[in-house]
Amino acid sequence: MKNVLIISSSPRRNGNSQMLCTEFKKGAEEKGNSVEIIRLSEKKIGYCRACNYCMKNNSSCVLKDDMAEVLKKFINADVLVLATPVYFYGICAQMKTFIDRTYPIWQNLGEKEVYYIVSAGLDENIIKRSLGDLDGFVEHFDKYEIKGRIYATNVMDAGKVFGTPVMNMAYQMGCNV
């Protein structure tokens with residue numbers, strides 16, 4: 001059994017990347033894994049102030065918000081799923097803020113199996129153009145393997161992935177954790 005943490009940055013509860021996270025979770029749980037979805041939009045997470053307080057104070061952040069709890073779960077995860085919609089050729093603000101706020105532990109991000117779930121209103125080219133932040137973040141892990149990627153393309157409207165083959169892909173990917 002693996003400890004799976006899904007970081008969902010969709011601001012829409014019924015957004016496409018969020019729906020894919022739910023399917024991934026279902027598949028991973030059916031195979032006996034412990035799975036938690038963290039919806040960043042439901043957390044109080046402030047922006048990194050670049051004050052370096054954390055570097056001088058044993059990785060403790062000056063901001064007292066929900067990120068401390070998220071970091072504990074991140075550290076304990078064997079498997080990390082990073083899910084984001086693409087906005088203006090990049091990951092959404094919620095995912096970028098999450099990545100920035102891992103700074104207190106950036107020198108010890110651990111070993112993880114990693115999956116990407118990315119949705120976009122345009123084709124796969126826009127998704128590929130947006131992966132720099134995710135790839136750059138994951139490359140700082142002590143050890144990692146990107147085990148799977150799901151790209152939901154041409155899904156501008158919330159819920160548009162429902163009933164499409166990409167939903168089954170998310171479920172199957174979860175089953176294969």
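Position numbers for residues start from 1 in each chain and track the written sequence from start to end. Per-residue local features of the predicted model are confined to residues with pLDDT of at least 70, and side-chain atom pairs are confined, for both listing and counting, to 80 or more; whole-chain, interface and lining totals are unaffected and use all residues. The basis for the side-chain values is all heavy atoms of the structure; hydrogens and waters are excluded.

Novice: Before we move on, could you go through the packing of aromatic side chains and cite the residues and values that matter?
Specialist: Centres within 6.5 Å make a pair out of two Phe, Tyr or Trp rings, where for Trp the six-membered ring is used; the pair is then stacked when the planes are under 30 degrees apart, edge-to-face when over 60, and tilted otherwise. Enumeration according to the criterion identifies seven aromatic pairs in this entry. On the numbers, 5.2 Å between centres and 65° between planes, the contact of Phe24 with Tyr115 is edge-to-face. You can see Phe24 sitting in helix α1 (residues 16-30) and its partner Tyr115 sitting in strand β5 (residues 111-119), a full 91 residues away along the chain. Across the pair, Tyr115 and Phe24 agree in class, each one buried. Between the aromatic rings of Phe137 and Phe141, the centroid separation amounts to 5.2 Å while the plane-to-plane angle is 90°, which identifies the pairing as edge-to-face. Summarising the burial analysis for this pair, Phe137 and Phe141 share the class buried. Through a chain of ring-to-ring contacts, the aromatic side chains of Phe74, Phe98, Phe137 and Phe141 assemble into a single cluster. Put simply, DSSP H or I for four residues or longer makes a helix, DSSP E for two residues or longer makes a strand, and each gets a number counted from the N terminus. Note on exposure labels: buried denotes an accessible area under 20% of the residue type's maximum, exposed denotes more than 50%, and partly exposed covers the range between, all computed with a 1.4 Å probe on protein chains only.

Novice: Go over the environment of Leu71 with me, naming the residues and quoting the values.
Specialist: Topologically, Leu71 is positioned in helix α3 (residues 67-76). Taking the relative accessible area as the measure of exposure, Leu71 reaches 10% and is therefore buried. Along the sequence, Leu71 and Asn14 sit 57 residues apart, while their C-alpha atoms lie 25 Å from each other. What Leu71 contacts, discounting residues up to four positions off in sequence, is Arg101, Thr102 and Ile105. Pairs of residues are marked as contacts when any of their non-hydrogen atoms sit within 4.5 Å.

Novice: Tell me about a nonpolar patch on the surface, and name the residues and values.
Specialist: Each patch is built from residues that are more than 30% exposed by relative accessible area and take part in no salt bridge. Like charges join if they lie within 9 Å; nonpolar side chains (Val, Leu, Ile, Met, Phe, Trp, Tyr) join within 5 Å. Throughout, the Shrake-Rupley method with a 1.4 Å probe supplies accessible areas, and for residues the shown protein chains are the sole cover considered. Salt bridges are defined as contacts in which a side-chain nitrogen from Lys or Arg sits within 4 Å of a carboxyl oxygen from Asp or Glu. The grouping of Tyr87, Phe88 and Tyr89 at the surface amounts to a nonpolar patch, some 410 Å² of accessible area in total. With respect to the secondary-structure elements, Phe88 resides in the loop between β3 (79-87) and β4 (90-91). Among the residues examined, Phe88 registers a relative accessible area of 81% and is labelled exposed.

Novice: Talk me through the pairing of β5; I want residue IDs and the actual numbers.
Specialist: Of all nine residues in β5, eight are buried; the element is thus mostly enclosed. Two strands make a pair as long as DSSP finds a minimum of two bridges between them. Strand direction decides the pairing type here: β3 and β5, joined by seven bridges, are parallel. Across the sheet, Val79 pairs through a bridge with Glu113, a residue of β5. Inspection of the sheet shows β5 paired to strand β6 (residues 143-152) by nine bridges, in the parallel sense. Of the residues in β6, the one forming a bridge with Glu111 is Lys143.

Novice: Can you break down the side chain of Glu23 residue by residue, with the values?
Specialist: For Glu23, the location among the structural elements is in helix α1. Contacts of Glu23, omitting those with residues within four sequence positions, involve Met167, Ala170 and Tyr171.

Novice: Give a description of unusual backbone geometry that names residues and reports values.
Specialist: Glycine aside, residues mostly have negative phi, and peptide bonds are mostly found in the trans state. A positive phi angle, near 55°, is found at Ala50, a position not held by glycine. Residue position: Ala50 is located in the loop between β2 (34-39) and α2 (53-56). Even without glycine at this site, Phe88 takes up a positive phi of about 50°.

Novice: Can you break down the side chain of Ser17 residue by residue, with the values?
Specialist: Positionally, Ser17 belongs in helix α1. In this structure Ser17 comes out as buried when scored by relative accessible area, which is 1%. Apart from the residues lying within four places of it in its own chain, the contact partners of Ser17 are Ser10, Thr84, Pro85, Ile117 and Ser119.

Remember that the coordinates give geometry; whether it matters functionally is a separate question.
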